[in-house]
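What follows is the residue order along each chain.
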Amino acid sequence: MLHKIPRHTHKIINKLDFLNLRFRAFKVILRLLKTYLNKPNSVSIEKLRKRMEKFLSFYPFPDHLKKEGFTIEGMYAEWISSENCSKEKVILYLHGGGFSLGSCRTHRLLVGRIVRSANVKCLMIEYGLAPEKPFPYGLNDSVRAFHWLQEQGYRAQDCVLMGDSAGGGLALSTLLKLKEEKSPLPAATICLSPWADLTCTSSYYEKNKGKDVIVSPQMVKKLAEQYLGGERPDPKNPLVSPIFGDYSGCPPLFIQVGSTEILLGDSMAVAKQAEKFKTPVSLEVWDQMPHGWHIFADFIPEGQQAIAAVGKFVRQCFGLPLIINKPVRNSDQSLQQDSLDLSDRA
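Along every chain, residues carry numbers that run from 1 in the direction the sequence is written. In keeping with the predicted nature of the model, local features appear solely for residues at pLDDT of at least 70, side-chain atom pairs appear and are counted solely at 80 or more, and the whole-chain, interface and lining totals rest on all residues. Only heavy atoms go into the side-chain values, all of them from the structure, while hydrogens and water stay out.

**Here we look at the environment of P217**
By the element assignment, P217 lies in helix 8 (residues 217–228). Look at P217 and you get buried, because its relative accessible area is 8%. Separated by twelve residues in sequence, P217 and Y205 have C-alpha atoms that sit 5.8 Å apart. Any two residues whose heavy atoms approach within 4.5 Å are treated as being in contact. Contact partners of P217, with chain neighbours within four places excluded, come to Y205, K209 and I262. By definition, any uninterrupted DSSP run of H or I lasting at least four residues is a helix, any uninterrupted run of E lasting at least two residues is a strand, and each is numbered from the N terminus. Think of it in three bands: with a 1.4 Å probe and only protein chains considered, a residue is buried below 20% of the maximum accessible area for its type, exposed above 50%, and partly exposed in between.

Encoded structure:
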């Protein structure tokens, strides 16, 4: 099932550039990241990670949500929950950040919104990051966390894998690794603006180069080099680039991506691959949305609406009540779903 989400208001780029101080601050982080990737001796990865944490944790954690930090065999993790959310079902969330940045702190607010929308508690982990811990460290950590959930009494079908950006790609890789192990599989996998092709050869790198206000082809390629590390595994390995995966027998996939992203081709390729193997897949392409727009849900209704759609999908997977929280909406916006032509894929 393939959809596009049309919009009839001002372009998101204008909204973010002129109305959103947080987005302008985010651009500072992006410039630092670019400097680090091009001149690694001028900006340390530790400094960059701290800056990103400071920026993305600017707002306090809401009182109506609960966070609980702990470790899983030495790996830091957090439970995020609400008072009335289901305790029998769980989301395993893998944060984004190009496999080099991000933490529980950077994604706590986003995950909190997802918990509220889905009415399901969430486990977030701090998997190993490049360049110190390149592939397959992060993948091994996410698989370990999934197995840990089963050790705590959660059945695999009571879990949903979810992630944004690099974390979205990692969620797909985790699914494929579990399938390879012949382990029980989760109820579904949800990807928000996933980075799923580390060959970095999508045609959308060129098509959307001037439209993507978050990431650039050069940035993505540099981050891919870091994640692949010194041993340089084949970037076409499905566990590295899940666009090449065998999804036969896998549970449903739910993907959201912005139409201006250079990573749009990654989402389209994953959807095509899932269709090839007869795996249920829903792809939503949100018009004029930038990479990972969900994280700006405090400021743009499209972020709230996208998270509401994610929550609805999770509740449907688990058979939970469909109406829990109503997102803020603009009266002049439409979420009508039209068919999307996927013939022009990366």
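**Quick notes on the confidence of the model for the protein chain**
Values of pLDDT, which run from 0 to 100, indicate the predictor's confidence residue by residue. When pLDDT is averaged across the protein chain, the result is 86; 83% of the residues are at 70 or more. Low confidence marks residues 6–19, where pLDDT is under 50. Its contacts with residues over four positions away, or in another chain, come to 40 contacts. Counted against residues more than four places away or in other chains, residues 326–346, with its pLDDT under 50, gives 58 contacts.

**Some points on the pairing of strand 4 (residues 86–94)**
Burial runs high along strand 4: seven of the nine residues are buried. With respect to chirality, the unit in which strand 4 leads through helix 4 (residues 104–118) into the neighbouring parallel strand 5 (residues 120–125) is right-handed. Think of it this way: DSSP has to see at least two bridges between two strands before they count as a pair. Here strand 4 pairs with strand 6 (residues 159–164) via five bridges, running parallel. Note on strand 6: the bridge partner recorded for Y93 is M162. Crossovers are described as right-handed under a simple rule: with the strands pointing away from the observer, the path leading from the first strand over the helix to the second runs clockwise.

**Side note on the packing of aromatic side chains**
The criterion for an aromatic pair is that two Phe, Tyr or Trp rings (for Trp, the six-membered ring) have centres within 6.5 Å, with stacked assigned to planes under 30 degrees apart, edge-to-face to planes over 60 apart and tilted to the rest. For the structure shown, the criterion picks out nine aromatic pairs. Summarising the aromatic geometry, the rings of F70 and W79 are spaced 6.4 Å apart at their centres and angled 20° between planes, so their arrangement reads as stacked. Accessibility expressed as a relative area gives 18% for F70, which makes it buried. Exposure remark for W79: the relative accessible area of 10% places this residue in the buried category. Plain terms: the ring middles of W286 and W293 are 5.7 Å apart, the flat faces sit at 45° to each other, and that makes the pair tilted. Judged by relative accessible area, which is 1%, W286 ranks as buried. Only Lys NZ and Arg CZ are tested; either one counts as a charge over a ring when it is within 6 Å of the ring centre and within 35 degrees of the ring normal. If you follow K121 out to its NZ or CZ, it ends over the ring of W79, 4.0 Å from the centre. The positively charged end of K207 is found above the aromatic ring belonging to Y204, 4.7 Å away from the centroid.

**Looking at the nonpolar core**
As used here, the term nonpolar core means buried Ala, Val, Leu, Ile, Met, Phe, Trp, Tyr and Cys residues forming a set that is joined through side-chain atoms within 4.5 Å. Counting 81 residues, the largest nonpolar core has L123, I125, L149 and W195 as the members making the most contacts within it. Ranked by residues supplied to this core, first place goes to helix 6 (residues 166–180) with seven residues. With residues near it in sequence (within four places) discarded, W195 still touches G98, F99, S165, A166, G169, C200, Y205, V220, L223, A224, L263 and D266. Residues A118, A187, I190 and F313 belong to the second largest nonpolar core, which totals 29 residues.

**Here we look at the environment of A166**
Of note, A166 is situated in helix 6. On a C-alpha basis, the gap between A166 and G97 in space is 6.1 Å, while along the polypeptide they are 69 residues apart. Once residues lying within four places of it in the same chain are set aside, the contact partners of A166 are G96, G97, G98, F99 and W195.

**Considerations on the packing of helix 3 (residues 45–56) against helix 4**
Inter-axis angles, ranging from 0 to 180 degrees, are taken between N-to-C directions of lines fitted to C-alpha atoms, where helices are fitted over the stretch in contact. Remark: helix 3 packs on helix 4, axes separated minimally by 8 Å, with the N-to-C direction vectors making an angle of 25°. When the axis of helix 3 is compared with that of helix 4, the two are roughly parallel. Every pair of crossing elements has a handedness; the one defined by helix 3 and helix 4 is left-handed. For the pair helix 3 and helix 4, contact is made by M52, E53 and L56 and by R105, T106 and L109, respectively. Note on residue categories: nonpolar means Ala, Val, Leu, Ile, Met, Phe, Trp, Tyr, Cys or Pro, charged means Asp, Glu, Lys or Arg, and polar means any other residue, Gly included. Considered class by class, the residues forming the contact of helix 3 with helix 4 number three nonpolar, one polar and two charged. For classification purposes, an angle smaller than 35 degrees is called roughly parallel, one larger than 145 roughly antiparallel, one from 65 to 115 roughly perpendicular, and anything else oblique. Handedness of a crossing follows from how the near helix is turned relative to the far one, being left-handed for an anticlockwise turn of less than a right angle and right-handed for a clockwise one.

**Notes on unusual backbone geometry**
In this structure, P131 follows A130 across a cis peptide bond, with omega equal to 5°. Take P131: it is sitting in the loop between strand 5 and helix 5 (137–151). Look at the link from F135 to P136: it is a cis peptide, with omega at 10°. By the element assignment, P136 lies in the loop between strand 5 and helix 5.

**Quick look at helix 9 (residues 264–276)**
Given a helix with a known number of residues, its expected span is that number minus one, times 1.5 Å. Over its 13 residues, helix 9 runs 19 Å from end to end, which matches the ideal 18 Å to within 8%, given 1.5 Å per residue. Summarising burial for helix 9: ten of the 13 residues are buried, a large majority. Among the residues making up helix 9, those that are buried are L264, G265, D266, S267, M268, A269, V270, A271, Q273 and A274. Following helix 9 by one or two positions, K278 adopts a phi angle in the positive range, close to 60°.

**Brief notes about the environment of V111**
With respect to the secondary-structure elements, V111 resides in helix 4. Residue V111 is classed as buried on the basis of its relative accessible area of 0%. For the pair V111 and Y93, spaced 18 residues apart in the sequence, the C-alpha separation amounts to 7.8 Å. Setting aside residues up to four positions removed in sequence, V111 forms contacts with I80, Y93, C122 and M124.

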